[in-house]
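Overview (structure and organization)
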Amino acid sequence: MVNDCYTDPKLVAIYDLLNASDADWEYYLDLAAEAAGPILDVGCGTGALTVEAAQCCHMVYGLDPSAAMLDVARRRAGGDRVIWRRGILAGFAPELQFALIYMTGHAFQELGSDAEILAHFKAVRRLLTPEGRFVFDTRNPARRAWLNWVPERSERQLELPGGGRVRVWHNVLDVSAGFVSFQEHYAVGGQGAGQEERLVSRSRLRFAALDEITALAKAAGLAVENAYGDWDRQEVSDDAPELIVSLRPAPL
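Summarised in this report is the structure supplied together with it. Predicted model only: the values in this text are computed from it and were never measured.

Right, let's talk about the overall build of the chain for a bit. Helix and strand counts for the chain come out as 9 helices and 11 strands. Its C-alpha atoms give the chain a radius of gyration of 18 Å, within 12% of the compact-globule value 18 Å for 252 residues. Over its C-alpha atoms, taken along the principal directions, the chain stretches across nearly 65 × 40 × 30 Å. Split into buried and exposed, the 252 residues of the chain put 46% on the buried side.

Next up on the list: the pattern of salt bridges. Considering all chains together, one arrives at 5 salt bridges under this definition. For R206, the salt bridge goes to D114, with nearest N and O atoms at 2.8 Å. Of this pair, R206 sits in strand β9 (residues 197–206) while D114 sits in helix α7 (residues 114–127), placing them 92 residues apart in sequence. Here R248 and E225 are joined by a salt bridge, their closest N and O atoms 2.8 Å apart. Residue R248 is found in strand β11 (residues 242–249), and its partner E225 is found in strand β10 (residues 222–228); the two are separated by 23 residues along the sequence. A residue is classified by how much of its surface remains accessible, and R248, at 25% relative accessible area, is partly exposed. By relative accessible area, E225 is classed as partly exposed at 33%. A single salt-bridge network, built from bridges that share partners, covers D114, R206 and E212.

Before going further, it helps to examine the pairing of strand β3 (residues 82–86). Of the strand pairs in this sheet, strand β2 (residues 60–64) and β3 are connected by 5 bridges, and their pairing is parallel. By the bridge assignment, V60 is partnered in β3 with V82.

On the basis of which strands lie adjacent, the open sheet formed by 4 strands has the order β6-β7-β8-β9 and antiparallel pairing. The open sheet is flanked by β6 (156–159) and β9, the only strands paired with a single partner. The average angle at which neighbouring strand axes cross in this sheet is 25°, direction not considered. Examined bridge by bridge, β6 and strand β7 (residues 165–176) share 4 bridges and lie antiparallel to one another. Within the sheet, the bridge partner assigned to R156 lies in β7 and is V168.

Here we take up the nonpolar core. Most often, soluble globular proteins keep nonpolar side chains buried together rather than apart. The biggest cluster of nonpolar side chains holds 29 residues, and the ones touching the most others in it are L40, L89, F121, F134 and F136. Taken together, the elements giving at least two residues each to this core come down to β1 (39–42), β2, β4 (98–103), α7, β5 (128–139), α9 (210–219) and β11. Element by element, the count of residues in this core is highest for α7, at 5 residues. Counting 24 residues, the second-largest nonpolar core is a separate cluster that includes Y27, A48, L70 and L100.

Across its 14 residues, α7 extends 20 Å between first and last C-alpha, which sits within 8% of the 20 Å expected from 1.5 Å per residue. Along α7, the residues classified as buried are I117, H120, F121, A123, V124 and L127. Here the buried residues of α7 occupy an arc of 160° about the axis, which is enough to place them on one side.

Calculation rules
- Residues numbered from 1 in each chain as written.
- Predicted model: local features only at pLDDT ≥ 70, side-chain atom pairs only at ≥ 80, totals over all residues.
- Heavy atoms only, no water.
- Helix = DSSP H or I, 4+ residues; strand = E, 2+ residues; numbered from the N terminus.
- Rg over C-alpha atoms; globule rule 2.2 N^0.38 Å.
- Buried < 20%, exposed > 50% of the residue type's maximum accessible area, 1.4 Å probe, protein only.
- Salt bridge = Lys/Arg side-chain N within 4 Å of Asp/Glu carboxyl O.
- Pairing = 2+ DSSP bridges.
- Axes fitted to C-alpha atoms, helices over the stretch in contact; angles between N-to-C directions.
- Core = buried A, V, L, I, M, F, W, Y, C linked by side-chain atoms within 4.5 Å.
- Expected span 1.5 Å × (residues − 1).
- Arc of directions from axis to C-beta.

So this is what it looks like as structure tokens:
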């Protein structure tokens, strides 16, 4: 399922405002600089990080299922350095393997079922070089981030580049069996009162625990190289906000 925030042109236009560079970008760009071969950015979105990674590597691919996102990515300054492809990893068949595959911005949580994750991991195994790695981040379920996904705790207001503003907040609909369904509300308006346009995007995310990830990776022929609880490489704990996981091909 591709959410409205990735396909609606009005929401895609403000995506970069809501997903600005931070410590996660530094983490992935360090990996890109170390990569000894081609790089694949899975779920590359509007390509902001992908273009930065292309400055560190001879060949970078950006893969995303959203045509609207890729339209923005192709027009981005430096976008001509990247090979853009539309699709998902399970059906991706380039004529090369990658030294680094990464998936940022908690996009891993869009993979709902065990079958989807397993198919994703099998594709990773097929596309990695023998010494390659797949790195991704997902929210640590023990931290229960969704408790803050209520209007009074989640609202942000940002200025639009062309003037006006956008307000964004969340509203949880359901929490059950490792899944969280929620709405993301957008109020886009000009400088005056009463000019806001309201938009709503609905999402359903999986909060997979590290032991679930490890078992599915093993079934796909991958092994956990390391796992961290935050971008400073702290250990995984119940208090850690992230699960940042690096997988490598397991010996045959």
